[in-house]
Amino acid sequence: MLARPGLVSFDYVRARTPGEVVQLLAEHGADARLMMGGTDLLVRIRDGAVRPRLVVDLKHLPGMRDILYQQQAGLTVGAAVTMNQLARHPAVVAHYPLLAQAANSVASYPLRNRATIGGNLCNASPCADTAPPSYVLAGRIVVHGSAGEQEVAIADFFRGPGQTVLQPGQFVTAIRFPPSPAAASGRYLKLGRNKAGDLAIVSVAVLGFPDASAPSGYRFRIALGAVAPVVLRVPAAEEWLAHHPPGAETFARAADLAAAAASPIDDVRASADYRRAMVRTLTRRGLNAVADTIAAPTGSA
Amino acid sequence: MSEQTTNPVGKSVPRVDAYDKVTGAAAFTDDLQFGPGLLFGRAVRSPYPHALIKRLDVGPALELRGVKAVVTGADTPGFIGLYLKDRHIFCTDRVRYVGDPVAGVVAASEEIAEEAARRVVVEYEELPAVLDPLQAIQPDAPLLHPDLGSYDVVPFIFPQPGTNISNVFRVRKGDVEGAWAQCDAVVADTYRVPHIQHVPIEPHVAIARWDLSGEVTLWSSTQSPFAQRDLIAHTLGISQGDMRVIGNYIGGGFGSKAGVSMEALAVAMARQVPGRPVKVRMTREEEFYCCFVRQGLVARVKIGGTKEGRILALQVEYYWDAGAYTEYGVNITRAAGYSSTGPYNIPNVKTDSYCLYTNHPVGGPMRGFGMPEIHWSIEQSVDQLAEALAIDPVAFRQRNCVQGGDVIVTGMTMHPHGLSECIERVAQRIDWGKKEVPSAPHKRRGKGVAACWKAPAMPPNPGSEAWVRFNEDATVSVGVGGQELGQGAFTVAAQVAAEALGIPYEWVRIANPVDTKYSPYEWQTVASRITWSMGNAVKAAAEDARRQILEIVARYWDQDPGDLDIRGGEVVSSKSEQSLSLRNLVVYGLPLPDDQGWIGGPIIGRGKFMPTYVTGLDPETGQGARAVVHYTTGAQAAEVEVDLETGRVELLCIAAAYDVGKAINPEQVHAQLEGGVVQGASSALLEALTFQDGRPVNASFVDYRIMTAVDAPQRILTDFVEVPQDDGPWGARGVGEHPMIATAPAIANAIYDALGIRFNDLPLTAEKIYLALQGA
């Protein structure tokens, strides 16, 4: 119930190679916890929610704090890249502004100096700010384990609140994003109880782009945060948008479909009713804002 | 000493503590170093809101290496409390809230102390809990304090033994029942105010040491060094002469560090380890519910008036959710009763204000001491009545607001004050009456106004004492017992001393930290009383020193002291036009002619102030000659924009104006008003400590949100008027708490103007507003 005044003691290892991590995890099993920025882990240790004997710091592994961008290959973000790094990186701001917006909405500036995208995703909180953008940007999680490296689509990564597909001995080294579709525009809208520093009670990521193969001429991707055990894509709304001309009515209908798809809970932060209603508001606002900036379509004020 | 600010009263001189605070040199309590002998204490706290302690086994804790002592209720059998001694330092047989301390562990480190605290075995028998004040007042409610009748209590508090009512304050004035028939409109409503917390940036911290000689020293982050000395000494059987409290700079108090809360734990723990200092500090989570919270309130209001626009009758019932112990909170109930009309002249009044025990955290003083809570209901009721009578809310307030010379709710005659002008100014600054265009089609704008009053709520005779001592170069040390908690008390004291002595402001040094062994007495730094009361004491001390100096120089010059003055640090004679520097003479005195000896010597002036005119009130009617020392009055106006699609309220502008009597330091007055508006706005839109079965569920900053800079009103327009207080220094009266009082109701009235929906319960969260809009 009451948080401790300080941390209980544990051993700390700053890992130098992925192999060392694999070995430590094999030796210590459930007694070991992986750490990047520590903004969640250390608080959870203080709260007594987890009591590791060993904390393995991953952020000094080679490449973990690098951001690489190539026009053909897309973006690779090291798992230990901090939110402030991500929010300000020229390539991210230029080509994946949605991701920059989400990173910049996390907690407060000092926390964003420590909090990492990898930590944000691996905690698997339904309200993780970088998760909904990762869905609509088709992110792939790079997982390292004893068998080497593999990639997992973000949609397959989360299992439930606090749960991912990571097996014992595995850890995340990077997140990869393919090049954004041509002329794409994205928005991340987050509602907290106050304007700065809060966790999302609802968040919505919207990505839109022209696509001649869609009957409406556009494709939209919508991902919802904090309204289900894991981030939700809304295929019904995306389908509707592909088949109906962009505009206020279409967006309102899509927002209704998004609200219907959400399965929020009542908790200390908000009621399910309010969350569902805010999915509608934020989705509609996100669609309108995105439509305004993709191809300046008419009738979508 | 390049700057030389003469006659500093009324000037915005820089704060005396600015440099140290900006550079980080200012020492706060947790900064103090005690060397390797320092021990740490942690409390074992109740997990139940109400339970009997059936068994307590400290053995497993004592077995842990590094544990020095464990203290339990058996070691601290006495009661402690400011107005009603209803609280043990450690519980003896019963716990009454989640967090109630049942034992304390002293160990070599905080971590060991925590580990040991978790090993203390406590067996409880859970009892039914009382979690609502309306439940608490029911005759069949579980009784929280069966021994209420045996507790020590001050004469103006009236516990009702055999009930959960620890105080009741009644007003019976005029004929309320007869008045309703003469009213053209009557409105009635019920309002609720949740518990909130002060959230000072510096959590409570205390270090205590019992010397082998018997002297006890307590270093604490406190608004009340002297009250802590008195209360803790009394309870633990220490002579006040052997108990010493040292209070360093405070990182925010807002009332939470008044009286005694966790500090007694440290002293009781230190008794077990003589000679060793023991530090106890609250985690942020503990801070939320283990010290003080603001009391909750259910207010039932019925108010009626005539179509000419006169408020004729008011009937209110206040049910205070005062928590597990009401040692301090009983007086909030009383203050609410004697101020229950708000700043209005109402001829017929019936008030019942009940202080109720519940199994919630301890309700205590918080900025405004009951006034933000009752004005939440008063100021919305006044708007409702104005609407029912089809009168503009500003005009309605102007017609009814109390004037100097009016006989107010308790029978006291109101002193001159500038409330009407404050109302006028805030209305003007917010363009009252002008409809504004919203920034988007899905938004609505509205404006609202609220007035307020508050008197220092305290015993009739709280004293202040000060001294003024010269150094060789004519700089001055000013001793005060009031605390600097960010509000600027030390700066005001320095300005007052310089002005009264006739020396530049830059020559004054405040003798801090406040140390009860050396500092002059001050009851507590609470109730917006320091500028007024301590200011009077400092002024008297300075005048005493000045008189001594003039007498010596008059003798030296063979003149009449009445012809001499001190200006700019020099004694001057209006008769002979001689002048003499204060340097040296203020310590060494002056030589007589022809080497015939010396006169004078070190100058030390002393002063005191204590109000002597506050009378008792009739317990049945609340009537008496003078209930309080004075009221500070003021008003606020708010302009809001509500997003209909999210319910979020944007605070576009809040204007605030208060009658401060005299602004000793205008810039500090503006800063106080700004801070109060932001704290008031935060309580209006965001803050509530919430409970599930008596357990707090949002006791951390993750889920107890407070206003940040970007949430604060876009514009805060602050203003003051100066109708002097007859017994204030240069006419000054306090304004520390008042800026928080009118904010929430002004915002609620503005939201009503925008949406046509009235919200009776705080806080006005976006969710609450959005869901109400769907229901409307």
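Residues numbered from 1 in each chain as written. Chains lettered and ligands numbered in written order. Predicted model: local features only at pLDDT ≥ 70, side-chain atom pairs only at ≥ 80, totals over all residues. Heavy atoms only, no water.

For the rest of this paragraph, the subject is the pairing of strand 9 (residues 165-173) of chain B. If a strand is regular, its side chains alternate between the two faces of the sheet. Residues and elements named next belong to chain B. The element strand 9 is extensively covered by neighbouring structure, given that seven of its nine residues are classed as buried. The sheet contact formed by strand 9 and strand 18 (residues 348-356) spans eight bridges and is antiparallel. Pairing of Val168 across the sheet is with Tyr354, part of strand 18. (Buried < 20%, exposed > 50% of the residue type's maximum accessible area, 1.4 Å probe, protein only. Helix = DSSP H or I, 4+ residues; strand = E, 2+ residues; numbered from the N terminus. Pairing = 2+ DSSP bridges.)

A few words on the packing of aromatic side chains. Residues and elements named next belong to chain B. One pass over the structure, following the stated rule, counts 24 aromatic pairs over all chains. A centroid spacing of 6.2 Å and a plane angle of 75° characterise the contact between Phe169 and Tyr338, whose relative ring orientation is edge-to-face. Taken together, the residues span a long stretch of sequence, with Phe169 in strand 9 and Tyr338 in helix 9 (residues 330-338) at a distance of 169 residues. No difference in accessibility class separates Phe169 from Tyr338, as the two residues are buried. In textbook terms, an aromatic cluster arises when at least three aromatic residues are bridged by ring pairs, as seen for Tyr83, Phe156, Phe292, Tyr328 and Phe369. A cation over an aromatic ring shows up here: Lys539 above the ring of Trp730, its NZ or CZ 5.2 Å from the ring centre. (Phe/Tyr/Trp six-rings, centres within 6.5 Å; stacked < 30°, edge-to-face > 60°. Lys NZ or Arg CZ within 6 Å of the ring centre and 35° of its normal.)

This part is about the pairing of strand 12 (residues 216-220) of chain B. Residues and elements named next belong to chain B. Taken across its five residues, strand 12 has five buried, putting it largely inside the fold. One ladder, built from five bridges, connects strand 11 (residues 205-210) with strand 12; its direction is antiparallel. For Ile207, the partnering residue across the bridge sits in strand 12 and is Trp219. Where strand 11 hands over to strand 12, the hairpin turn is made up of five residues, of which Gly214 adopts a positive phi near 105°. Of the crossover connections in this fold, the one passing from strand 12 over helix 6 (residues 225-236) to the parallel strand 13 (residues 243-247) is right-handed. (Right-handed = clockwise from strand over helix to strand, strands pointing away.)

Turning to the domain arrangement of chain A, a few remarks are in order. Residue and element names in this part refer to chain A. Each domain of chain A was delimited in the assignment, giving domain 1 (11-57), domain 2 (67-177) and domain 3 (187-294). Centre-to-centre separation of domain 2 and domain 3, based on C-alpha positions: 20 Å. In total, domain 2 and domain 3 occlude about 1,600 Å² of area from one another, counting both sides; carbon and sulfur atoms represent 65% of this. Looking only at domain 2, the three residues that lose the most surface to domain 3 are Cys127, Tyr135 and Val136, adding up to 34% of its buried area. At the boundary of domain 2 and domain 3, one finds one salt bridge. Across the pair Asp129 and Lys190 runs a salt bridge, and its minimum N-O distance is 3.0 Å. (Domains from an automatic or database assignment. Buried area = accessible area lost by both parts, 1.4 Å probe. Salt bridge = Lys/Arg side-chain N within 4 Å of Asp/Glu carboxyl O.)

Moving on, we get to the environment of Ala103 of chain A. All names here are of chain A. For Ala103, the position within the fold is in helix 5 (residues 97-104). On the accessibility criterion, Ala103 (0% relative accessible area) is buried. The sequence separation of Ala103 and Gln85 amounts to 18 residues, and the corresponding C-alpha distance is 8.8 Å. Beyond its immediate sequence surroundings of up to four residues, Ala103 is in contact with Met83, Leu86, Ala87 and Arg112. (Contact = heavy atoms within 4.5 Å.)

Once that is clear, we can look at the domain arrangement of chain B. Residues and elements named next belong to chain B. As far as domains go, chain B holds domain 1 (18-27 + 462-609), domain 2 (32-127 + 201-252 + 257-289) and domain 3 (293-459 + 615-775). The C-alpha-based centres of domain 1 and domain 3 are spaced at 39 Å. Taken together, the contact pairs 21 residues of domain 1 with 23 residues of domain 3. When domain 1 packs against domain 3, close to 1,700 Å² is buried across both sides, 64% of that on carbon and sulfur atoms. Three residues, Ala527, Ser528 and Trp532, lead the burial of domain 1 against domain 3; their summed loss comes to 37% of the area buried on that side. Joining domain 1 to domain 3, the criterion identifies zero salt bridges. Along the contact surface separating domain 1 from domain 3 lie eight residue pairs in polar contact (both at pLDDT 80 or more). Sorting the residues of the side of domain 1 that touches domain 3 by element identifies helix 13 (489-501) and helix 14 (530-557) as the ones contributing at least two each. (Polar contact = N/O pair within 3.5 Å; in protein donor to acceptor, adjacent residues only side chain to side chain.)

In contact at an axis separation of 10 Å, helix 12 (residues 272-294) of chain A and helix 18 (residues 766-775) of chain B are set at 80° when each is read in the N-to-C sense. Here helix 12 of chain A is positioned roughly perpendicular relative to helix 18 of chain B, judged by the angle of their axes. Note on element contacts: helix 18 of chain B touches helix 12 of chain A through Ala766, Glu767, Tyr770 and Leu771 of chain B, opposite Asp273, Tyr274, Ala277 and Met278 of chain A. When its residues are assigned to classes, the contact of helix 12 of chain A with helix 18 of chain B shows six nonpolar, no polar and two charged. (Axes fitted to C-alpha atoms, helices over the stretch in contact; angles between N-to-C directions. Parallel < 35°, antiparallel > 145°, perpendicular 65-115°, else oblique. Nonpolar A, V, L, I, M, F, W, Y, C, P; charged D, E, K, R; others polar.)

Turning our eyes to something else, we now look at helix 3 (residues 110-119) of chain B. All names here are of chain B. The set of residues buried in helix 3 consists of Glu110, Ala113, Glu114, Ala116 and Ala117. For helix 3, the angular spread of buried residues about the axis comes to 165°, placing them on one side. Residues of helix 3 that are buried sit in contact with strand 1 (39-45), helix 2 (59-62), strand 3 (67-72), strand 7 (101-107) and strand 14 (278-281). (Arc of directions from axis to C-beta.)

Turning our attention to the interface of chain B and chain A. Contact residues are listed per partner, giving 34 residues for chain B and 30 residues for chain A. Both faces combined, the contact of chain B with chain A buries some 2,700 Å², and carbon together with sulfur accounts for 50% of it. Contact with chain A buries area across many residues of chain B, yet Arg648, Arg705 and Glu767 of chain B alone supply 21% of it, more than any other trio. Where chain B touches chain A, the interface holds nine salt bridges. In this structure, the salt-bridge partner of Glu285 of chain B is Arg46 of chain A, at a minimum N-O distance of 2.8 Å. Elements represented by at least two residues in the side of chain B that touches chain A include exactly strand 1, helix 3, helix 8 (284-289) and helix 18 of chain B. At five residues, helix 3 of chain B tops the list of elements feeding residues into the side of chain B that touches chain A. Split by residue class, the side of chain B that touches chain A holds ten nonpolar, six polar and 18 charged.

Right, let's get into empty space enclosed by the protein. Which parts of space are left empty comes out when a probe the size of a water molecule is rolled across the atoms. Residues and elements named next belong to chain B. All chains considered together, the criterion is met by three cavities of 30 Å³ or more. Here the largest cavity is characterised by a volume of approximately 190 Å³. Arg87, His88, Ile89, Pro101 and Ser261 are the residues nearest the centre of the largest cavity, which is lined by 19 residues in total. Taken together, the elements giving at least two residues each to the lining of the largest cavity come down to strand 5 (87-88) and helix 7 (263-271). Within the lining of the largest cavity, the residues separate by chemical class into eleven nonpolar, three polar and five charged. (1 Å grid on protein atoms, 1.4 Å probe; cavity = no way out; pocket = protein on both sides within 12 Å on 5 of 7 lines; lining within 4 Å. Points joined across faces, edges and corners; volume = space filled by probe spheres on them.)

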